[in-house]
Amino acid sequence: MAKRRKADHSEKLSQLVVKGMQEKKASDIIVMDLRKVRNAVADFFVICSGSSDKQLDAIASSIDEEVYKGLKEDPWHTEGKNNKEWMLLDYTNVVAHVFKKDRRSFFALEKLWGDAEITEIAD
């Protein structure tokens with residue numbers, strides 16, 4: 001039963017992350033379900049792109065707001081708010097990755113975690 005609750009929580013959290021991304025017009029949003037991937041570091045990666053420093057900040061703030069409104073949770077860890085190329089919001093079971101468009105292909109998380117089930121979210 002506890003395992004099902006964790007899965008439900010992770011799914012809800014990933015949906016709130018997507019909503020936060022969509023609120024600020026993030027592009028190329030994908031949800032990577034890592035639950036069946038051996039040695040995965042989270043249940044889900046949610047990845048998007050933004051076109052400017054300002055938009056990356058706005059997307060990260062929107063994710064933060066949506067998750068807090070929906071689940072009363074803050075990220076366990078954040079990175080990249082200063083360099084504005086790749087911002088990461090780690091909610092333990094769900095990790096949000098906000099990339100500047102040109103940096104996303106360089107890091108290629110979709111290829112690195114190629115065994116994940118990938119869902120593309122329409123813009």
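Just above, that's the structure.
In every chain, residue numbers begin from 1 and rise along the written sequence. Since the coordinates come from a predicted model, pLDDT governs what is reported: local features require at least 70, and pairs of side-chain atoms require 80 or more to be given and counted, while whole-chain, interface and lining totals use all residues. Side-chain numbers here rest on the full set of heavy atoms in the structure, without hydrogens or water.

Give me the side chain of Ser 62: which residues, what numbers.
Runs of E in the DSSP output that reach at least two residues are strands. Runs of H or I that reach at least four are helices, and both are numbered from the N terminus. Its location among the elements puts Ser 62 in helix α2 (residues 53-71). A relative accessible area of 4% means that Ser 62 is categorised as buried. Side-chain atoms alone can form a polar contact between residues adjacent in sequence; in general such a contact is a pair of N or O atoms within 3.5 Å, and within protein one must be able to donate a hydrogen while the other accepts it. Within the structure, the side chain of Ser 62 is placed 2.7 Å from the backbone oxygen of Gly 20, a separation counted as a polar contact. Leaving out residues up to four positions away in the same chain, Ser 62 has contacts with Gly 20, Glu 23 and Lys 24. Accessibility here uses a 1.4 Å probe with only protein chains present; expressed as a share of the type maximum, an area under 20% marks a residue as buried, one over 50% as exposed, and anything in between as partly exposed. When checking whether two residues touch, look at their non-hydrogen atoms; a contact exists if any pair is within 4.5 Å.

Lay out the environment of Lys 69 in plain terms, naming residues and giving numbers.
Here Lys 69 is to be found in helix α2. Separated by 53 residues in the primary sequence, Lys 69 and Leu 16 place their C-alpha atoms 9.1 Å from one another.

Quick rundown of the sheet that holds strand β1 (residues 27-33)? Include the residues and the values.
Strand pairing is assigned whenever DSSP detects at least two bridges linking the two strands. Strand order in the open sheet formed by 6 strands is β3-β4-β5-β2-β1-β6, with mixed pairing between adjacent strands. The sheet is open, and its two edges are formed by β3 (77-79) and β6 (117-120), each paired on a single side. Strand after strand, the sheet turns through a mean of 15 degrees between neighbouring axes, direction not considered. Pairing of strand β4 (residues 86-90) with strand β5 (residues 94-100), which is carried by 5 bridges, proceeds in the antiparallel orientation. Across the sheet, Asp 90 pairs through a bridge with Val 95, a residue of β5. Angles here are taken between N-to-C directions and fall from 0 to 180 degrees, while the axes themselves are lines fitted to C-alpha atoms, restricted in helices to the stretch in contact. With respect to the sheet, α2 is in contact with β2 (44-50), β4 and β5, its orientation differing from that of β5 by roughly 165 degrees.

Residues and numbers for the side chain of Lys 84, please.
Locating Lys 84 in the fold gives a position in the loop between β3 and β4. What makes Lys 84 buried here is its relative accessible area of 15%. Within the structure, Lys 84 has its side chain in polar contact with the backbone oxygen of Lys 81 (distance 2.4 Å). Lys 84 has contacts with Asp 53, Leu 56, Asp 57 and Lys 100, leaving out every residue within four places of it along the chain.

Please provide a residue-by-residue account of the pairing of β5, values included.
Side-chain direction in a regular strand flips from residue to residue, so the side chains alternate between the two faces of the sheet. For β5, the tally of buried residues reaches 6 of 7 residues, placing the bulk of the element in the interior. Between β4 and β5, which pair antiparallel in sequence order, lie 3 residues; one of them, Thr 92, sits at a positive phi of approximately 75 degrees.

Let's hear about the nonpolar core: which residues, and what values?
One broad rule of soluble globular proteins: the nonpolar side chains tend to lie buried together. Among buried residues, those of type Ala, Val, Leu, Ile, Met, Phe, Trp, Tyr and Cys that are joined through side-chain atoms within 4.5 Å constitute a nonpolar core. Grouped together as the largest cluster of nonpolar side chains are 22 residues, with contacts concentrated most on Val 17, Met 21, Val 46 and Ile 63. Taken together, the elements giving at least two residues each to this core come down to α1 (2-23), β1, β2, α2, β4 and β5. Once residues within four sequence positions are removed from consideration, Ile 63 is found in contact with Val 17, Gly 20, Met 21, Leu 89, Tyr 91, Ala 96 and Val 98. Counting residues in each nonpolar core, the second largest holds 13 residues, with Leu 34, Phe 45, Ile 47 and Phe 99 among its members.

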